[in-house]
Each structure stands twice: as C-alpha cells, then as structure tokens.
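Structural characterization, general
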Amino acid sequence: MAIRFDGKVAIVTGAGGGLGRQHALALAARGARVVVNDLGVARDGEGSSATPAQSVVAEIVAAGGEAIANGASVTDSVAVQAMVDEAVAKWGSVDILVNNAGVLRDKSFAKMTLEDFRFVVDVHLMGAVNCTKAVWDGMRERNYGRIVMTTSSSGLYGNFGQANYGAAKMALVGLMQTLSIEGAKNNIKVNCLAPTAHTRMTEDLGAALPLEALGPELVSPGLLYLVSEDSPSRVILAAGAGGFERAYVTITQGDYATGPDAVEQIADRFDAISDRAGEIVPEMGAAQGMIELTKAQKYHGG
C-alpha cells in the first residue's frame with residue numbers, strides 16, 4: 001500500500017533549497033499540506049530572502065498541492081511559535097515536523113571562533129529544540145506526531161573542520177533518544193536522518209565525493225518513511241545515493257576493574273573492554289548502570 005499523507009500538515013525547516021526542498025516537494029506530492037520554512041540565508045547564515053521559500057511553494061501549488069511560505073528564523077522561538085500557530089489556524093494541526101534548517105561555518109578548532117561555534121549550535125540544535133517545543137503540546141493533545149532531526153555522519157563519526165557542526169549534530173541524536181521515550185505514550189515518534197547529498201551545504205566536497213550521484217531526491221524516500229503513519233521511532237537512518245543504512249549507539253559488555261591498581265587493570269584489559277562481541281543497543285541510559293552493577297555483583301559473588 002502506498003504511503004500517503006492526505007490530511008496531514010507538515011512543517012519543513014530550511015526548505016527553500018537542497019534537501020529541505022526535496023522533502024517538502026515529496027511530502028506535498030503524497031498529499032501533505034506543507035509549511036515551507038526558510039530564512040533565505042547564505043550557507044554561513046548571513047543575509048535573508050523570502051524568495052527561496054516562495055519559489056518552493058509555487059512549485060507545490062503548480063503541481064496541485066497546498067503550501068504556505070514562512071520566513072521565521074529557527075533560532076527565534078517567538079517567530080517559530082507564530083509559524084506553528086499560523087499552520088494550526090489555517091489547517092487545524094501540525095502532524096509532521098522536519099528539522100532540516102542548518103548552516104556551516106567550517107574551520108579547524110584551532111582557528112574557529114567561539115562565536116562561530118555558538119552560532120552553528122544555535123541553528124542546528126536550538127533551532128530544532130525551538131521548533132519541536134512549539135509543536136510538542138499540540139501533538140500530545142492530539143496523540144499524534146512525527147518528528148525528524150537531521151543529524152550527520154560528522155556528528156556520529158567526526159569530520160575535520162566541523163567541531164561545531166559535529167557537536168550540534170550529535171546533540172540532536174541525544175535529543176531524539178529522550179523525546180522518543182517521552183513521546184511514546186502519545187504516539188509521537190521521533191527519529192534522526194543522516195543524509196549524504198549534493199546540496200549547497202556540500203558543494204565543496206567535490207574532490208571527496210561523486211556529487212553527481214548524490215542527488216537530494218535520493219534521500220527523501222527515507223524521510224518520508226520516518227514520518228509515515230507506521231514509522232518506527234528512535235531510529236538513526238543514514239541515506240545517500242539511493243543507499244539506506246541504520247546507525248546505532250551501542251555499548252560493549254566490557255570488563256571489571258577495581259582496587260588500587262584499577263587504572264593498570266583498565267590499561268591491561270582495554271582490548272577486552274573494547275570487544276564488540278555481545279554489544280547491545282540500550283533501551284535507555286540506565287542500561288549502562290545495570291550492566292556495570294551486574295559485573296560488580298558477579299565479581300562479588302552476588
């Protein structure tokens with residue numbers, strides 16, 4: 001059965017181009033009413049323009065869909081709340097939120113200013129927080145919500161020159177982990193998408209990636225699944241060039257060390273501590289403590 005979004009209302013941030021545009025077009029093509037949010041800034045967050053969002057709205061309307069443009073900065077919680085209020089007033093609800101807005105200010109950490117670090121974290125992390133907070137109560141009241149955070153392999157695994165971006169992107173994974181737990185009783189499913197795509201954000205990576213094979217439209221099917229009626233929750237889905245993979249945050253079974261020479265024991269047994277045989281994906285953070293207490297009880301004959 002085809003996945004459809006008829007009757008659903010979606011907000012896509014950073015939807016004036018690249019991945020966000022493709023997400024918005026794909027949602028609208030399958031019946032969603034879409035708020036196309038974009039501040040129209042340059043890649044580094046400078047400037048603003050209403051044209052990108054309006055252009056995407058025009059595309060959607062020309063194809064027979066419904067959409068409105070919005071120019072709120074995701075860093076402005078008041079403007080974000082007004083955007084959500086406008087969508088609810090016009091269409092009755094916000095059912096889907098795609099946190100896609102982002103900027104880049106890449107430099108090695110030695111050369112990066114604290115201002116650039118804070119700005120990137122503010123847009124990616126706090127921007128997602130602002131948007132999610134604005135829709136959260138409504139989703140809880142209606143017992144329905146689908147939220148996606150846009151993470152990145154730079155956050156999951158690191159990338160030279162992107163300490164600010166990587167920190168923000170991994171923080172979004174932590175946000176997703178907790179919100180998926182808190183939202184479960186109200187049928188709010190929260191996931192992460194880690195895309196690889198040729199957009200304005202990645203245009204400087206030509207020497208490292210075959211950008212012609214990385215169209216953003218090849219990522220959006222993964223996004224559609226993550227916000228569908230029967231979507232999973234608490235998933236990190238990687239997507240690019242038509243390939244889809246899952247990333248996990250795991251914990252090993254580890255080993256036990258105590259006493260005055262615990263440091264030396266850790267050093268001697270670090271390979272055993274790092275052994276991935278039997279590693280698990282914890283249901284929640286408390287699992288770490290349970291694993292450690294189990295080892296301690298076993299050591300003490302408990």
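Below or above, wherever it landed, is the structure these notes cover. (Residues numbered from 1 in each chain as written. Predicted model: local features only at pLDDT ≥ 70, side-chain atom pairs only at ≥ 80, totals over all residues. Heavy atoms only, no water.)

Topic: the overall build of the protein chain
Selection rule: Helix and strand definitions follow DSSP, with helices as H or I runs of at least four residues and strands as E runs of at least two, each counted in order from the N terminus. This radius of gyration counts C-alpha atoms alone. The globule rule is 2.2 Å times how many residues there are, raised to the power 0.38. Classification of residues uses two cut-offs on accessible area relative to the type maximum, computed with a 1.4 Å probe and protein chains only: under 20% is buried, over 50% is exposed, and between them is partly exposed. Only the protein chains shown count as cover for residues, and the accessible areas themselves come from Shrake-Rupley with a 1.4 Å probe. When charges are counted, Lys and Arg are positive and Asp and Glu negative, with His and the chain ends excluded. Taken as the charge centre is NZ of Lys, CZ of Arg, CG of Asp or CD of Glu, depending on the residue.
Check the secondary structure of the protein chain and you find 10 helices and 8 strands. In terms of overall size, the protein chain behaves like a compact globule, its C-alpha atoms giving a radius of gyration of 21 Å where 302 residues would be expected to give roughly 19 Å. When the backbone C-alpha atoms are referred to their principal axes, the protein chain occupies close to 70 × 45 × 35 Å. The burial tally for the protein chain puts 45% of its 302 residues in the buried class. If you sum the accessible surface of the protein chain, you get close to 14,900 Å²; carbon and sulfur atoms cover 55% of it. For the protein chain, the distance from the average position of its 25 positive side-chain charges to the average position of its 33 negative side-chain charges is 4 Å.

Regarding helix α1 (residues 18-29)
As a reminder of what qualifies: Expected helix span is computed as 1.5 Å times (number of residues minus one). Any two residues having at least one pair of non-hydrogen atoms within 4.5 Å are treated as being in contact.
Between the first and last C-alpha of α1 there are 17 Å, a value that for 12 residues agrees with the 16 Å anticipated at 1.5 Å per step. Among the 12 residues of α1, 9 are classified as buried, and the element is accordingly described as predominantly covered. Of the residues making up α1, those classed as buried are Leu19, Gly20, Gln22, His23, Ala24, Leu25, Ala26, Leu27 and Ala28. The inward-facing, buried residues of α1 abut β1 (9-13), β2 (33-37), α2 (51-62), β4 (96-99), β6 (188-195) and α7 (220-226). Remark: Gly31 follows α1 within two positions and exhibits a positive phi of approximately 105 degrees.

Let's talk about the pattern of salt bridges
Here is the rule: In the sections that follow, a salt bridge refers to a side-chain nitrogen of Lys or Arg positioned within 4 Å of a carboxyl oxygen of Asp or Glu.
Counted under the stated rule, the structure contains 6 salt bridges. Between Asp6 and Arg4 there is a salt bridge, with its nearest N and O atoms 2.9 Å apart.

Considerations on unusual backbone geometry
In this structure, Asn143 takes a positive phi of about 55 degrees despite not being glycine. Position of Asn143 relative to the elements: it lies in the loop between α4 (114-142) and β5 (145-150). According to the relative accessible area criterion, Asn143 is partly exposed, its value standing at 38%. Positioned with a positive phi, Arg234 is a non-glycine residue whose angle comes to about 65 degrees.

Comments concerning the side chain of Ser228
Tracing the sequence through the fold places Ser228 in the loop between α7 and β7 (236-240). Look at Ser228 and you get buried, because its relative accessible area is 3%.

Observations regarding the side chain of Asn130
Mapping Asn130 onto the fold places it in helix α4. Excluding anything up to four places from it in sequence, Asn130 contacts Val74, Thr75, Asp76, Ser77 and Val80.

Some points on the packing of aromatic side chains
Here is the rule we go by: Note on aromatic contacts: the rings of Phe and Tyr and the six-membered ring of Trp form a pair at centre separations within 6.5 Å, being stacked when their planes are under 30 degrees apart, edge-to-face when over 60 apart, and tilted otherwise. In this analysis the charged atom, NZ for Lys or CZ for Arg, is taken to sit over a ring once it is within 6 Å of the ring centre and within 35 degrees of the ring normal.
Applying the stated criterion across every chain, the model contains 2 aromatic pairs. Where Phe109 meets Phe117, the ring centres are 6.4 Å apart and the plane angle is 75 degrees; that geometry is what we call edge-to-face. Accessibility expressed as a relative area gives 60% for Phe109, which makes it exposed. Residue classification places Phe117 among the partly exposed residues on the basis of a relative accessible area of 22%. Looking at Lys8, its charged tip hangs above the ring of Tyr144, at a distance of 4.9 Å from the centre.

A look at the nonpolar core
Going by this rule: By convention a nonpolar core is built from buried Ala, Val, Leu, Ile, Met, Phe, Trp, Tyr and Cys residues, the set being connected through side-chain atoms within 4.5 Å.
Core analysis: the largest hydrophobic core is formed by 42 residues, its most contacted members being Ile147, Met149 and Val190. Counting residues per element, the ones that place at least two in this core are β1, α3 (77-91), α4, β5, α6 (163-183), β6 and β7. Residue contributions to this core peak at 10 residues, all from α4. Discounting chain neighbours no more than four positions away, the residues touching Val190 are Trp136, Ile147, Met149, Met176, Leu179, Ser180, Ser233, Arg234 and Val235. If you look at the next biggest cluster of nonpolar residues, it comprises 31 residues, including Ala67, Val148, Ala197 and Val235.

Let's talk about the pairing of β2
When a strand is regular, its side chains alternate between the sheet's two faces. Put simply, the rule reads: Strand pairing follows a simple DSSP-based rule, namely that at least 2 bridges must link the two strands. The crossover handedness rule: strands pointing away from the viewer, path from first strand over the helix to second strand clockwise, crossover right-handed.
With respect to burial, β2 is a largely interior element, 4 of its 5 residues being buried. Two elements, β1 and β2, share 5 bridges in a ladder whose sense is parallel. Following the sheet pairing, Val12 is matched in β2 by Val36. Read as a crossover between parallel neighbours, the route from β1 over α1 to β2 is right-handed. Of the pairings in the sheet, the one linking β2 to strand β3 (residues 66-70) comprises 5 bridges and is parallel in character. Counterpart to Val36 in the pairing with β3 is Ala69.

Digging into the packing of α3 against α4
Working note: a packed helix pair is described by the angle between its axes plus the distance between those axes. Defined as follows: Between N-to-C directions, angles cover 0 to 180 degrees, with each direction set by a line fitted to C-alpha atoms, over the stretch in contact for helices. An angle below 35 degrees is treated as roughly parallel, one above 145 as roughly antiparallel, one from 65 to 115 as roughly perpendicular, and anything else as oblique. Here a crossing is called left-handed whenever its near helix is offset anticlockwise from the far helix by less than a right angle, and right-handed whenever the offset is clockwise.
Running from N to C, α3 and α4 cross one another at 40 degrees; their axes reach a closest spacing of 9 Å. By the criterion of interaxial angle, the relationship of α3 to α4 is oblique. Relative to α4, α3 is oriented so that their crossing is right-handed. Residues Ser77, Val80, Gln81 and Val84 of α3 touch α4, and the partners they reach there are Asn130, Cys131, Ala134 and Val135.

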